[in-house]
Amino acid sequence: MAYASMSEARIRPRQVLVLIIVFLIVLKLVHHNGKHTCQGPEYLQAMYAQQEAGTLPHIYAITPTYARPAQKAELTRLSHLFMLLPNLHWIIVEDSNSTTPLVRSLLQRAGLEKRSTQLNIKTPPEFKLQGKDPNWIKPRGVEQRNMALAWLRTHVDVDRHAIVFFMDDDNSYSTELFAEMTKIKPGHVGVWPVGLVGGLMVERPILNEDKTQVVGFNAAWQPKRPFPIDMAAFAISMDLFIKNPQAVFSYEVQRGYQESEILRHLTTRQQLQPLANSCRDVLVWHTRTEKTKLTSEDALQRQGKRSDSGMEV
């Protein structure tokens, strides 16, 4: 009995050691899988593989925003894209005199503090929409997009390939669109179709026979614009903004010419890079949220009450 007891005493440390080794191996595998793999579609798995290899370019998505009843809902919807995609950096520029707790809290709750930049700049009063003005009567987001470009020009690593995308908060985006953006070559502007815009089911670039070059556009609204496309129809290699500091948005352009104004400094039609299955796939839609009707809320406020008292909606 004494011999058996001594044998067990000698074996136990080995068993403990084996268990520790097994535990560490399992822990490493779980950590590796949880951090680096993706169970989504192939294009998303490929993005995560590139991210792990250090070859996935950053995409800087610029979103101008302003205070309104649907603001938090719009930004929350967009934040889900950033949770899914590993290489997106969100630059939110508020049309206000200071950054707001609402946007700051939203970024924190989405876990995006380290992959976002919160800026603010007020639109001059003469360029603000008034009352019942239609949203097309004055250029929107000019100050905010230009501030984001100024931030990028002073903060990005100029030796690392990156992409810039102007991401309005009321559009609908497929995650696959951002996989397409990663294909944009340095020194190029990538283009693709946009659904539900310009009075058409889809606005799209028209390509040559071998599908390698843009030769025109099917736009119905002001088709003679130098670049008759929507803001959601293109993304730009960051190096072009570094090489062309004069490339900014302007108030001094005709209605519908903001896209042409920025692109004329950076590229030509012939240099555009067609993406999204040779411009046959629609991966972004120019949707708009219906203006919120708050007649009952207005009646409450006339009584000195609010339905959202003490809440953030």
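Residues numbered from 1 in each chain as written. Predicted model: local features only at pLDDT ≥ 70, side-chain atom pairs only at ≥ 80, totals over all residues. Heavy atoms only, no water.

### Quick word on the layout of surface pockets
(1) Moving on: Counted as a void, the second largest pocket has a volume near 320 Å³.
(2) Moving on: As for the second largest pocket, its lining consists of 16 residues, of which Pro-69, Leu-294, Arg-306, Asp-308 and Val-313 are closest to the centre.
(3) Moving on: Of the residues forming the lining of the second largest pocket, the biggest block, three residues, is contributed by helix H10 (residues 295–302). (1 Å grid on protein atoms, 1.4 Å probe; cavity = no way out; pocket = protein on both sides within 12 Å on 5 of 7 lines; lining within 4 Å. Points joined across faces, edges and corners; volume = space filled by probe spheres on them. Helix = DSSP H or I, 4+ residues; strand = E, 2+ residues; numbered from the N terminus.)

### Quick word on the packing of aromatic side chains
(1) Moving on: Within the structure shown, the criterion is met by eight aromatic pairs.
(2) Moving on: Seen from their ring centres, Phe-127 and Tyr-251 are 3.7 Å apart, and the 10° between their planes marks the pair as stacked. Of the two residues, Phe-127 is situated in the loop between strand S3 (116–120) and helix H5 (142–155) and Tyr-251 in the loop between helix H7 (238–243) and helix H8 (258–263); the sequence distance between them amounts to 124 residues.
(3) Moving on: Taking the relative accessible area as the measure of exposure, Tyr-251 reaches 15% and is therefore buried.
(4) Moving on: Judged by centre distance (5.1 Å) and plane angle (85°), the rings of Phe-166 and Phe-249 are edge-to-face. (Phe/Tyr/Trp six-rings, centres within 6.5 Å; stacked < 30°, edge-to-face > 60°. Buried < 20%, exposed > 50% of the residue type's maximum accessible area, 1.4 Å probe, protein only.)

### Structural notes on the pattern of salt bridges
Where charged atoms from two side chains of opposite charge come close, those side chains can pair.
(1) Moving on: In this structure the tally under the stated criterion is 10 salt bridges.
(2) Moving on: In this structure, the salt-bridge partner of Arg-77 is Glu-74, at a minimum N-O distance of 2.4 Å. Within this pair, Arg-77 and its partner Glu-74 are both found in helix H3 (residues 71–84), separated by three residues, close to a single helical turn.
(3) Moving on: In this structure, Glu-261 engages Arg-264 in a salt bridge whose closest nitrogen and oxygen atoms are separated by 3.0 Å. (Salt bridge = Lys/Arg side-chain N within 4 Å of Asp/Glu carboxyl O.)

Such coordinate-based values are descriptive only and should not be taken to indicate function.
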